[in-house]
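# Understanding the architecture of this molecule
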Amino acid sequence: MEMLQELLKWIIALDWRWLLGIAFLAIAILGYAGAPFLLWTIAVAFFLLACQVCTITWIIFAMIAIVGNIPPLRRLLISSVILKLFRALKLLPSISDTERTALEAGNVWVEAELFSGRPNFKKMLDQKYPELTPEEQAYLDGPVEEICAQVDDWRTWKEKDLAPEVWALLKKHGVFGMIIPKEYGGLGFSAMAHSEIVAKFMTRSMPLCVTAMVPNSLGPAELITHYGTKEQKDYYLPRLARGEEIPCFALTEPTAGSDAGSITSKAVVFKGTDGKLYLRLNWNKRYITLASVATLLGLAFKLYDPEHLLGDKEDLGITCALVPANTPGVVLGLRHDPLGVPFYNCPTQGKDVVVPIDSIFGGAAGAGKGWQMLMECLAAGRGISLPAQTVGAGKLSLRYVSAYINIRKQFGVPIGKFEGIMEPLARLTGINYLLEAARRYTLGAIDSGAKPPVVTAMMKYNATELSRKMINDAMDIVGGAGISRGPRNFLAHTYIGMPIAVTVEGANILTRTLIVFGQGALRAHPYAYREIAAVEKKNVKDFDRYFWGHVGHVIRNAFRSVLLSLTRGRIMICAPGDKHTRRYYRKLNWASATFAWMADLAMASLGGSLKFREKITGRFADYLSYMYFAAAILRRYEAENRRKEDLPFVHWSMKYCFYQMQVAIDQIFRNLSVPLVGFLFKGPISWWSRMNSFSQWPEDWLENKVAELIQVPGEQRDRFTKNVFMPKDPENQLAKLERTLLMVYEAAGIEKKIKQATRSKVLDKLPAPALYQQALSKNVITQAEFDLLDKLQAAIYDVVQVDSFTSQELVRL
């Protein structure tokens, strides 16, 4: 007690300048730490005591302190009034049943840490980093290799279908049953194995990849596994696993694309003459992969029960059911032509198709639950197949290009030495490193049982968009060799087909603007969705807890954002990582605080209209995505034991992520209208952000280093392009490139001797064949070395050739 009295006397005796300094320091500490209201109350009390304020001030302070710190009193006098105001003025966005189902599908994962403004890096780094089991690795090395070796991609494109022997192998090795549990005859593989297989198939042939991918994505196998009745599982899953049934799933319609909830396909429940319940279905679907070769359709439709045979409701909502393709009224056979890529993508119609009510996934109990089923499956599925496909395409491009530019010479120099080539090669390499990190990080979550819809939507959108950048860079680098189609060309078909990945499982524009941030702002936010639920239910107790928690969250992140910006994150003293990566954790901490604060400002200033400000939500989505990618890169660096040789790739990728965050936040500052203070964000805050940016584009020296390292054959290049199918056929173009690349490095020392002899004028400046002959005659090189150079020249001339055709052959293509 005496110590407290002495402290009070000391505070009262303080000079006003000291008092203000201590007050500002206390405010900064309390704000940065997110101190509870009680600590703020105590701090203010000491300040008022030191200032020796009047009695009226103390009375006002006491009233605020009592009401603020006693929850029942606060709920009665303040929170209940705010709740009524929110309802009367409709300050919070309304959530439809369809939106609620989507929001509640799956669960929240590490994106919540990024939304918090104070990420728990230990938790983020402790997430599983998956590996294949011995059984899965053996399957990849055996059956998957066998299938890839059997595929001739050029033949597939010419014949518009996979060869019969390839279809047979897919069925024989159970590829269509990767996700089906072993108890039903499936492979029962992990998400990691599923992803690796899809990625490897993509490095061989896009039609092969899609054909294997679709039965293991959203469709009958997955829906039966999760929601089917025992009878459905026992009958269909073994048949699907053996390839006796080829499945497809029909959702998209001419008038219902990204807005899947607006489908017009419908079914009516009726009672048959046998007294059993049936569905009479009518539909018109399009863009359905594998439909014309499918034997079993999964179908999404709206279900109606006009006779109330299932209950009181007439409109039961979206429902999913199984329809055998041979059922009368089912129309199949036509194909779309998706940019010429020869996989089965088709329309299908149904006219008065009758199936038992037990055809609904889960039986009659599954009526009206189709939307929930679809959203829950997509919550995980978006993070597996399409990211795997795009990573496979990126790795193949990198493997091909990094060999080609060492072999192809112009002006007497390998084109890989030109900085103009190094620039896109660095992007191709860095994005490849980034996407592989994010793919593995996301798969770890899915294999741990998580179904994070926001993260998987980020992966789907960004993986497909970044893959477009990678294949564009690869095409630019190889030039004419990329645009001349034929058996020698490993890039053209991937380039042609890349827009397809962008459109499926939710078009990218919608995914970015409506799902990533639109859904994430509510689902991953620590308070927003709970506040809305409390307002809708008129629950004052819950509203009081979440509303004031939200207020504290905003105040804390405002302080954290400002202080972390002023110190460039260095105020975070105990950052994880090593001396090379610690700065990135500090920046990510800073970025998270800024994001969380600005997201709350956007929600507060725009309210329910935020969902219609898609340019703003898109920029927030970009910001959130690159925070996630940055976290994934740091996780990869730790999981791979902090390889020193990989640091240039880590640095490039991290700088790229922070640069993209900076671009997004600058546009948010310029375009977000905040009442009363909007001019601050468009003026001084925007100026400060550009002056004190997270990062600039990676420096030239770093890009050159990344480009140089990936051109060197060896362990690192092999690791970064792991799982690319490497043909054993010596006449295959990729095999030739790899063989020639090794010869280039083997001959490098010989070339160096010849150059030195030319500079010293021992040899004349002659074209390569004559120069090598002269070098041999003057004993600059040995006969064995000359033979190697001669063999290398022939190999180079062969691998830089492109395909050509007669006019008649081109017509048949």
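Residues numbered from 1 in each chain as written. Predicted model: local features only at pLDDT ≥ 70, side-chain atom pairs only at ≥ 80, totals over all residues. Heavy atoms only, no water.

## Examining the overall build of the protein chain
Our working definition: Going along the chain from the N terminus, every DSSP run of H or I of four or more residues is numbered as a helix, and every run of E of two or more is numbered as a strand. It is over C-alpha atoms that the radius of gyration is taken, and the globule rule equals 2.2 Å times the number of residues to the power 0.38. Throughout, exposure labels follow a simple rule: accessible area from a 1.4 Å probe, protein chains only, divided by the maximum for the residue type, with under 20% read as buried, over 50% as exposed, and the rest as partly exposed. Contacts are assigned to residue pairs with any non-hydrogen atoms lying within 4.5 Å of each other. Each accessible area is a Shrake-Rupley result for a 1.4 Å probe, and residues are judged covered by the shown protein chains and nothing else.
In terms of regular secondary structure, the protein chain is built from 35 helices and nine strands. For the protein chain, whose C-alpha radius of gyration is 31 Å, the value lies close to the compact-globule estimate of 28 Å for 813 residues. Projected onto the principal axes, the alpha-carbon positions of the protein chain cover approximately 105 × 95 × 45 Å. Residue burial in the protein chain is summarised as follows: out of 813 residues, 56% are buried. Across the protein chain, the fraction of contacts at a sequence separation of at least 24, relative to all contacts at a separation of at least 6, is 76%. Summed over all atoms, the accessible surface of the protein chain reaches about 35400 Å², with 59% contributed by carbon and sulfur.

## Details of the packing of helix H18 (residues 419–447) against helix H27 (residues 647–671)
Let me state the cut-off plainly: Angles shown run from 0 to 180 degrees and are taken between the N-to-C directions of axes, each axis being a line fitted to C-alpha atoms and, for helices, limited to the stretch in contact. With respect to orientation, any angle under 35 degrees is reported as roughly parallel, any angle over 145 as roughly antiparallel, any angle of 65 to 115 as roughly perpendicular, and every other angle as oblique. Three categories are distinguished: nonpolar for Ala, Val, Leu, Ile, Met, Phe, Trp, Tyr, Cys and Pro, charged for Asp, Glu, Lys and Arg, and polar for the others, with Gly belonging to the last.
It is the contact of H18 with H27, at a shortest axis distance of 9 Å, that shows an interaxial angle of 85°. As the angle between them shows, H18 and H27 are arranged roughly perpendicular. Contacts from Ala426, Arg427, Thr429, Gly430, Ile431, Tyr433 and Leu434 of H18 reach H27 at Phe649, Val650, Trp652, Ser653, Tyr656 and Cys657. Taken together, the residues of the contact of H18 with H27 break down into nine nonpolar, three polar and one charged.

## Concerning the environment of Gln773
Along the polypeptide, Gln773 turns up in helix H33 (residues 768–777). In this structure the C-alpha to C-alpha distance between Gln773 and Val554, which are 219 residues apart in sequence, comes to 76 Å.

## Points about the pattern of salt bridges
So the rule is basically this: Within this document, salt bridges are pairs made up of a side-chain nitrogen of Lys or Arg and a carboxyl oxygen of Asp or Glu, the two lying within 4 Å of each other.
Within this structure, the stated rule accounts for 41 salt bridges. A salt bridge links Glu113 to Lys123; the nearest nitrogen and oxygen atoms lie 3.4 Å apart. In this pair, Glu113 is assigned in helix H7 (residues 111–116) and Lys123 in helix H8 (residues 121–125), connecting sequence segments 10 residues apart. Lys123 sits in the partly exposed class, given a relative accessible area of 40%. Here Glu465 ties to Arg468 by a salt bridge, and the two come within 3.0 Å at their closest N and O atoms. Residue Glu465 and its partner Arg468 are located together in helix H19 (residues 453–478), separated by three residues, close to a single helical turn.

## Considering the packing of aromatic side chains
The description of two aromatic rings rests on the distance between their centres and on the angle between their planes. Convention followed: Side-chain rings of Phe, Tyr and Trp (the six-membered ring for Trp) are treated as a pair once their centres are within 6.5 Å; stacked means planes under 30 degrees apart, edge-to-face means over 60, and tilted covers the remaining angles.
Enumeration according to the criterion identifies 39 aromatic pairs in this entry. Seen from their ring centres, Tyr584 and Phe658 are 6.4 Å apart, and the 20° between their planes marks the pair as stacked. Of this pair, Tyr584 sits in helix H25 (residues 582–606) while Phe658 sits in helix H27, placing them 74 residues apart in sequence. A single burial state applies to Tyr584 and to Phe658, both of which are buried. Among the aromatic side chains, those forming a connected cluster through ring pairs are Trp109, Tyr441, Tyr626, Tyr628, Phe629, Trp652, Tyr656, Tyr659 and Trp697.

## Description of the packing of helix H12 (residues 191–204) against helix H13 (residues 206–213)
At a minimum axis separation of 6 Å, H12 and H13 run at an interaxial angle of 155°. Regarding the angle of H12 to H13, the classification is roughly antiparallel. Along the contact surface, H12 presents Val198, Phe201, Met202 and Arg204, while H13 presents Met206, Leu208, Cys209, Ala212 and Met213. Its residues placed into classes, the contact of H12 with H13 shows eight nonpolar, no polar and one charged.

## Concerning the nonpolar core
Inclusion rule: Residues belong to one nonpolar core when they are buried, are Ala, Val, Leu, Ile, Met, Phe, Trp, Tyr or Cys, and are joined through side-chain atoms within 4.5 Å.
The biggest cluster of nonpolar side chains holds 215 residues, and the ones touching the most others in it are Phe201, Leu279, Leu281, Val401, Met598, Tyr628 and Met661. Counting 30 residues, the second largest nonpolar core, distinct from the first, contains Tyr227, Leu237, Ala300 and Ile318.

## A look at the pairing of strand E4 (residues 296–304)
The criterion, for reference: At least two bridges found by DSSP between two strands are what make those strands a pair.
Taken across its nine residues, E4 has seven buried, putting it largely inside the fold. In this sheet, E4 lies alongside strand E1 (residues 247–250) in parallel orientation, the contact comprising four bridges. Bridged to Phe249 within E4 is Gly298. Bridge count between strand E2 (residues 266–271) and E4: three bridges; the pairing is parallel. Note on E4: the bridge partner recorded for Ala267 is Leu303. The pairing of E4 with strand E5 (residues 315–324) spans nine bridges and is classified as antiparallel. Within the sheet, the bridge partner assigned to Phe301 lies in E5 and is Thr319.

## Notes on H12
Residues lying three or four places apart along an α-helix face the same way, a consequence of the helix completing one turn every 3.6 residues. To keep it simple, the criterion reads: By this rule the span expected of a helix is its residue count minus one, scaled by 1.5 Å.
Taking 1.5 Å of rise per residue, the 14 residues of H12 would be expected to cover 20 Å, and the 20 Å separating its terminal C-alpha atoms lies within 8% of that figure. Burial analysis of H12 places 14 of its 14 residues in the buried class, the great majority of the element.

## Some points on the pairing of strand E7 (residues 345–356)
Relative to E7, strand E3 (residues 277–289) runs antiparallel, the two being bridged by nine bridges. For Lys285, the partnering residue across the bridge sits in E7 and is Thr348. The pairing of strand E6 (residues 330–331) with E7 spans two bridges and is classified as antiparallel. From the neighbouring strand, Val331 faces E7, where its bridge partner is Gln349.

## Let's talk about helix H15 (residues 230–242)
Note the cut-off: The angle separating two fitted axes, one through the seven residues that finish at a residue and one through the seven that start at it, defines the bend at that residue.
If you check H15, its first and last C-alpha atoms are 19 Å apart, about what 13 residues at 1.5 Å a residue would give, namely 18 Å. Along H15, the sharpest change in direction is near 30° and occurs at Tyr236; proline Pro238 comes one to four residues later. Here H15 has its buried residues at Gln232, Tyr236, Leu237, Pro238, Leu240 and Ala241. Check the buried side of H15 and you find it contacts helix H14 (220–227), E1, E4 and E5. A positive phi of about 80° marks Gly243, the residue just after H15.

## Let's talk about the side chain of Asp305
What counts, and what does not: We count Lys and Arg on the positive side and Asp and Glu on the negative side, and we leave His and both chain ends out.
By the element assignment, Asp305 lies in the loop between E4 and E5. Of the buried charged residues, Asp305 lacks a salt bridge, with Lys271 as the closest side chain of opposite charge at 10.0 Å. With sequence-adjacent residues up to four places away left out, Asp305 is seen in contact with Val269, Leu310, Gly311, Lys313, Glu314 and Leu316.

## A look at a nonpolar patch on the surface
Selection rule: For patch detection, residues must exceed 30% relative accessible area and be free of salt bridges, and they are connected within 9 Å for like charges or within 5 Å for nonpolar side chains (Val, Leu, Ile, Met, Phe, Trp, Tyr).
Residues Val562, Leu566, Trp687, Trp688 and Met691 make up a contiguous nonpolar surface patch of roughly 550 Å² in combined accessible area. Those elements that place two or more of their residues in the nonpolar patch are helix H24 (540–567) and helix H28 (678–691). No other element matches H28, which puts three residues into the nonpolar patch. Structurally, Trp688 is set in helix H28.

## Structural notes on unusual backbone geometry
For Leu339, which is not glycine, the phi torsion reads 60° and is therefore positive. Take Leu339: it is sitting in the loop between E6 and E7. Even without being glycine, Asn641 reaches a positive phi, approximately 65°. Structurally, the position occupied by Asn641 is in the loop between helix H26 (614–639) and H27. Classification of Asn641 as exposed rests on a relative accessible area of 67%.

## Some thoughts on the side chain of Arg556
Under the convention used in this document: Pairing of N or O atoms within 3.5 Å defines a polar contact, subject to two protein rules: one partner must be a possible hydrogen donor and the other a possible acceptor, and residues neighboring in sequence count only if both atoms are side-chain atoms.
Along the chain, the position of Arg556 falls in helix H24. For the buried Arg556, no salt bridge exists, and the shortest N-O distance to an oppositely charged side chain is 8.1 Å, to Asp600. A distance of 3.5 Å separates a polar atom in the side chain of Arg556 from a polar atom in the side chain of Asn557. Those residues in contact with Arg556 that lie beyond four places of it in its chain are Gly31, Tyr32, Ala33, Gly34, Ser116, Gly117 and Arg118.

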